[in-house]
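Chain residues, written in single-letter form:
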Amino acid sequence: MAITKVSDSNFEEYLAQNEKVIVKYYAGWCGSCRLIAPKFNKLAEKEENAGITFLDVDAEKSPLARGLAKVNNLPFFAAFKNGELVEGFPSTRIEAVDDLIKKL
């Protein structure tokens, strides 16, 4: 499944419309965010993750979405189920994101 870029204008709508959501928060200046992006894309394309919605949020331009996950560092990953935050954390390890997916 493709990753959808969202912002404050449509973030909550995506949470409401999708049962399982994984969000990557990033910033344009963040080198670690750019390095992990291809790995995040591969996770989104995995067949076993077909029922999960993957979102990208520019943390600098979306303070509402950033606040809902309590983002405190970048890159930051968050899991939402039925619109509620399950867990969120900063990480540069894609294995940690894979473990987060399993919590959904």
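Structure first, text after, so check above.
Everything in this summary refers to the structure shown in the same document. Note that this is a predicted model, so its numbers are computed, not measured.

With six bridges joining them, strand β4 (residues 76-81) and strand β5 (residues 84-90) adopt antiparallel strand pairing. By the bridge assignment for β5, phenylalanine 77 is matched with phenylalanine 89. Here β4 folds back onto β5, and the loop between the two strands holds two residues, one of which, asparagine 82, carries a positive phi near 50°.

A word on unusual backbone geometry. Here the residue pair leucine 74 and proline 75 is connected by a cis peptide bond, since its omega of -10° sits within 30 degrees of zero. For proline 75, the position within the fold is in the loop between α3 (63-69) and β4. Phi at lysine 70 is positive, roughly 60°, even though this residue is not glycine. Despite not being glycine, asparagine 82 shows a phi value in the positive range, around 50°. Inspection of the secondary structure assignment puts asparagine 82 in the loop between β4 and β5.

For helix α2 (residues 31-45), with 15 residues, the first-to-last C-alpha span of 23 Å sits near the 21 Å given by 1.5 Å per residue. When the local axis directions of α2 are compared, the greatest deviation, roughly 35°, occurs at alanine 37, which is followed within four positions by the proline proline 38. Among all positions in α2, only Cys33, Ile36, Ala37, Phe40, Leu43 and Ala44 are buried. Looking at the buried residues of α2, the elements they touch are β2 (20-26), β3 (53-58), β4 and α4 (94-102).

As a further point, take the environment of lysine 61. Among the secondary structure elements, lysine 61 is positioned in the loop between β3 and α3. On the accessibility criterion, lysine 61 (66% relative accessible area) is exposed.

With that out of the way, let us pick up the packing of aromatic side chains. Scanning the entire structure with this criterion turns up five aromatic pairs. Ring geometry for phenylalanine 11 against phenylalanine 80: centres 5.8 Å apart, planes inclined by 80°, an arrangement best described as edge-to-face. On the criterion of sequence distance, the pair formed by phenylalanine 11 in helix α1 (residues 11-17) and phenylalanine 80 in strand β4 is long-range, its members being 69 residues apart. Each member of the pair, phenylalanine 11 as well as phenylalanine 80, carries the same accessibility label: buried. Their ring planes at 70° and their centres at 6.0 Å tell us that tyrosine 25 and phenylalanine 76 sit as a pair that is edge-to-face. Linking tyrosine 25 in strand β2 with phenylalanine 76 in strand β4, this pair joins segments that are 51 residues apart in sequence. Here the two residues tyrosine 25 and phenylalanine 76 agree in accessibility, since each one is buried.

Conventions adopted
Residues numbered from 1 in each chain as written. Predicted model: local features only at pLDDT ≥ 70, side-chain atom pairs only at ≥ 80, totals over all residues. Heavy atoms only, no water. Pairing = 2+ DSSP bridges. Helix = DSSP H or I, 4+ residues; strand = E, 2+ residues; numbered from the N terminus. Expected span 1.5 Å × (residues − 1). Bend = angle between axes of the 7 residues up to and from the residue. Buried < 20%, exposed > 50% of the residue type's maximum accessible area, 1.4 Å probe, protein only. Contact = heavy atoms within 4.5 Å. Phe/Tyr/Trp six-rings, centres within 6.5 Å; stacked < 30°, edge-to-face > 60°.

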